[in-house]
Amino acid sequence: MSEEKPDPATALIHHPYRPPDGFVAPQVGVHKASTVIFPSVAALRARNWKSKAGYTYGLHGTPTSFTLEERIATLEGGLQSLLVPSGLAAIALVDMALLKTGDHVLIPDNVYGPNKELARHELAGWGITHDLYDPLDLAAFEQALRPGTKLVWLEAAGSVTMEFPDLRELIRLARAHGATVALDNTWGAGIAFDPFALGVDISTQALTKYPSGGGDVLMGSVTTRDELLHLTLKFTHMRMGWGVGANDVEAVLRSLPTLPLRYAAQDRAGRALAQWWSRQPQVVQVLHPALPGAPGHEHWRALCTQAAGLFSVVFDERLDPAQVDAFVDALRLFKIGYSWAGPVSLAVPYQLAAMRRQPAWRGALVRFSLGFEAVEDLIADCEQALQRSGLA
Ligand SMILES: *Cc1c(COP(=O)(O)O)cnc(C)c1O
């Protein structure tokens, strides 16, 4: 071996410099790894990926991902959390970990649409059956529970039509039946109500929405309070290989401290715009759980003071749906696109007839999600679009 300059091929990889310990900053470091290095063979053999006592492989956790898991668990009022690549993957993880051939799952008719698609296609293909229930009809829900019902999904408020169910009663009935209760808590975001105090077993979130808040990250979480249930989910998570990237985790960690502020601001703007819509003659119903007269408003009021900045309006069925589409096209500040809770306000027209077993409304529906623009400008945008589309 030469005493001179070391060969860069080796020296750049096995470099002796170590930065000093003790670097303290508000933000967590971005630790990226597939390989995690063990100090010895004994340490490698003793590896334990099931707890946060150490590190085994990037897929199972890094200081960055452990930190986000712990913070999401705290946000949700849970004890353990798993991160997955999207909100939809969080739903899929729960289904795959808990359901086996012959089992039955109950899903609310107003659930996030892809949850139903997963049941109709993948779950059905594996011999797992499902039924859809009306989240506002407790008697029908109780009747829909079957001996094989292993899992019950809840969502509050539901997607697009925003009905807020009687969570307490649904959870009581499902638990009395012995089913595991999973809530898609994307709307509540850990802010509007406390899912574990209500008795859910699992709370999932699309971190894509409020926790990210930037419209630039896809991620999901699955949170529990029961260690055994957590381990069941974690085994499936490990076997499916559903890891998340450290840069995305860092983006969510960076946004998390402002979540309560953003939730409150978008709630204020959402209610102001929803109230404006409730005074427009073209609209027969504003679907915002905090507005009196909205379906499930009394259940929202019994549980929450806050709401997500998200609501839908149902136009008079005598209006041509093409004209409602033209209204959406005429919006300037509201952009046309999916997801919500980011900085840009969004509008999406939906066709209820294709989405619900028994749609309660026949008119065209538009869902609005509030970004951070000035609400007066957003109201003016809706006004000009009503004019330009001939609806005013
Ligand atoms: C957006 C959303 C999801 C899915 O989240 P992605 O990260 O986009 O997959 C799941 N549930 C609800 C209620 C949502 O709004």
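Remember, it's a predicted structure, so these values are computed and weren't measured experimentally.

**Observations regarding the site of the ligand**
The full set close to the ligand counts 13 residues, and Gly-87, Leu-88, Asp-184, Thr-208 and Lys-209 are the nearest of them. The contact in question runs from an oxygen atom of the ligand to an N or O atom on the side chain of Lys-209, over 2.6 Å. For the ligand, whose free accessible area comes to 380 Å², the fraction covered by protein is 90%. Judged by the fraction of its atoms near the pocket grid, the ligand is located in the largest pocket. Across the shell around the ligand, the residue classes tally to 5 nonpolar, 5 polar and 3 charged.

**Observations concerning the packing of aromatic side chains**
According to the stated counting rule, one finds 16 aromatic pairs in the structure shown. For the ring pair Phe-164 and Phe-193, a centre distance of 6.0 Å and an interplane angle of 80 degrees mean the geometry is edge-to-face. Taken together, the residues span a long stretch of sequence, with Phe-164 in the loop between β4 (149–155) and α7 (167–176) and Phe-193 in the loop between β5 (180–184) and α8 (195–198) at a distance of 29 residues. The pair Phe-164 / Phe-193 is uniform in exposure class, with both members buried. Through a chain of ring-to-ring contacts, three or more aromatic side chains come together here, namely Trp-276, Trp-277, Phe-311, Phe-315, Phe-327, Phe-334 and Phe-368. Residue placement shows Lys-52 over the ring face of Phe-66; its charged tip is 5.3 Å from the ring centre.

**Here's the deal with the side chain of Thr-224**
Locating Thr-224 in the fold gives a position in strand β7 (residues 220–224). A polar contact is formed between the side chain of Thr-224 and the side chain of Gln-80, at a distance of 2.7 Å. When sequence neighbours within four positions are dropped, the list of residues in contact with Thr-224 reads Gly-78, Leu-79, Gln-80, Phe-196, Asp-201, Ile-202, Leu-229, His-230 and Leu-233.

**Some words on the environment of Met-238**
Mapped onto the elements, Met-238 comes out in helix α9 (residues 227–240). For Met-238, a relative accessible area of 26% puts it in the partly exposed group. For the pair Met-238 and Leu-59, spaced 179 residues apart in the sequence, the C-alpha separation amounts to 7.8 Å.

**Re the side chain of Asp-316**
In this fold, Asp-316 is placed in the loop between β9 (310–315) and α13 (321–330). Among the polar contacts made by the side chain of Asp-316, one reaches the side chain of Arg-318 at a distance of 2.6 Å. Apart from the residues lying within four places of it in its own chain, the contact partners of Asp-316 are Gln-282, Val-284 and Gly-363.

**Some details on the sheet that holds strand β10 (residues 335–336)**
Strand order in this open sheet of 5 strands is β8-β9-β12-β11-β10, and the pairing throughout is mixed. The open sheet has two edge strands with one neighbour each: β8 (283–287) and β10. The pairing of β9 with strand β12 (residues 365–369) spans 5 bridges and is antiparallel. Opposite Ser-312, over in β12, you have Arg-367 as the bridge partner.

**Focus: the layout of surface pockets**
Counted as a void, the largest pocket has a volume near 720 Å³. Together, 38 residues line the largest pocket, and Tyr-112, Gly-113, Pro-114, Ser-159 and Tyr-350 are the ones closest to its centre. Elements that contribute at least two residues to the lining of the largest pocket include exactly α4 (87–98), α5 (113–125) and β6 (202–206). Per-element accounting of the lining of the largest pocket gives the leading share, 5 residues, to α5. Per-domain counts for the lining of the largest pocket show at least three residues from each of domain 1 (41–256) and domain 2 (259–389).

**Some thoughts on the domain arrangement of the chain**
Here the chain is partitioned into domain 1 (41–256) and domain 2 (259–389). Listed by partner, the interface residues are 37 residues for domain 1 and 35 residues for domain 2. Of the roughly 2,900 Å² buried where domain 1 meets domain 2, counting both sides, 64% is carbon and sulfur surface. Of all residues in domain 1, the largest losses of buried area upon contact with domain 2 belong to Val-160, Trp-187 and Tyr-210, amounting jointly to 28% of the total for that side. Taken together, the links from domain 1 to domain 2 amount to 0 salt bridges. On inspection of domain 1 and its partner domain 2, the count reaches 14 residue pairs in polar contact (both at pLDDT 80 or more). Of all elements in the fold, only β3 (129–133) and α7 reach the threshold of two or more residues within the side of domain 1 that touches domain 2. Residue classes in the side of domain 1 that touches domain 2 are distributed as 19 nonpolar, 11 polar and 7 charged.

Cut-offs and rules
Position numbers for residues count from 1 along each chain, tracking the sequence in the order it is written. Restriction of local features to residues with pLDDT of at least 70 applies here, the model being predicted, together with a cutoff of 80 or more for giving and counting side-chain atom pairs; totals for whole chains, interfaces and linings are based on all residues. Remark: hydrogens and water are excluded; side-chain values derive from all non-hydrogen atoms of the structure. Any residue with a non-hydrogen atom lying within 4 Å of a molecule or strand is treated as near it. Polar contact criterion, stated in full: a pair of N or O atoms within 3.5 Å, where within protein one must be able to donate a hydrogen and the other to accept it, and residues adjacent in sequence count only if both atoms are side-chain atoms. For accessible areas, the Shrake-Rupley method is used with a probe of radius 1.4 Å. Any residue's cover is judged against the shown protein chains and nothing else. Think of a 1 Å grid over the protein atoms and nothing else: a 1.4 Å probe that fits but is trapped marks a cavity, an open set flanked by protein within 12 Å on at least five of seven lines marks a pocket, and residues with an atom within 4 Å of a point count as lining. To be counted as sitting in a cavity or pocket, a molecule needs more than half of its atoms within 2 Å of that site's grid points. When residues are sorted by character, Ala, Val, Leu, Ile, Met, Phe, Trp, Tyr, Cys and Pro go into the nonpolar class, Asp, Glu, Lys and Arg into the charged class, and all the rest, Gly among them, into the polar class. Working definition: rings of Phe, Tyr and Trp (its six-membered ring) pair if their centres are within 6.5 Å, and the pair is stacked with planes under 30 degrees apart, edge-to-face with planes over 60 apart, and tilted otherwise. Each helix is a run of DSSP H or I of at least 4 residues and each strand a run of E of at least 2, with the numbering of both proceeding from the N terminus. Working definition: with a 1.4 Å probe on protein chains only, accessible area under 20% of the residue-type maximum means buried, over 50% means exposed, and in between means partly exposed. Note on criteria: charge over ring means Lys NZ or Arg CZ within 6 Å of the ring centre, with the direction from the centre no more than 35 degrees off the ring normal. Residues count as neighbours in contact if any of their non-hydrogen atoms are within 4.5 Å of one another. Paired strands, as defined in this entry, are two strands with at least two bridges between them according to DSSP. Grid points are joined across faces, edges and corners, and a volume is the space filled by probe spheres set on the points. Domain boundaries shown here were taken from an automatic or database domain assignment. Two parts lose some accessible area (1.4 Å probe) when they are put together, and adding that loss for both gives the buried area. Salt bridges are identified by distance alone: a Lys or Arg side-chain nitrogen within 4 Å of an Asp or Glu carboxyl oxygen.

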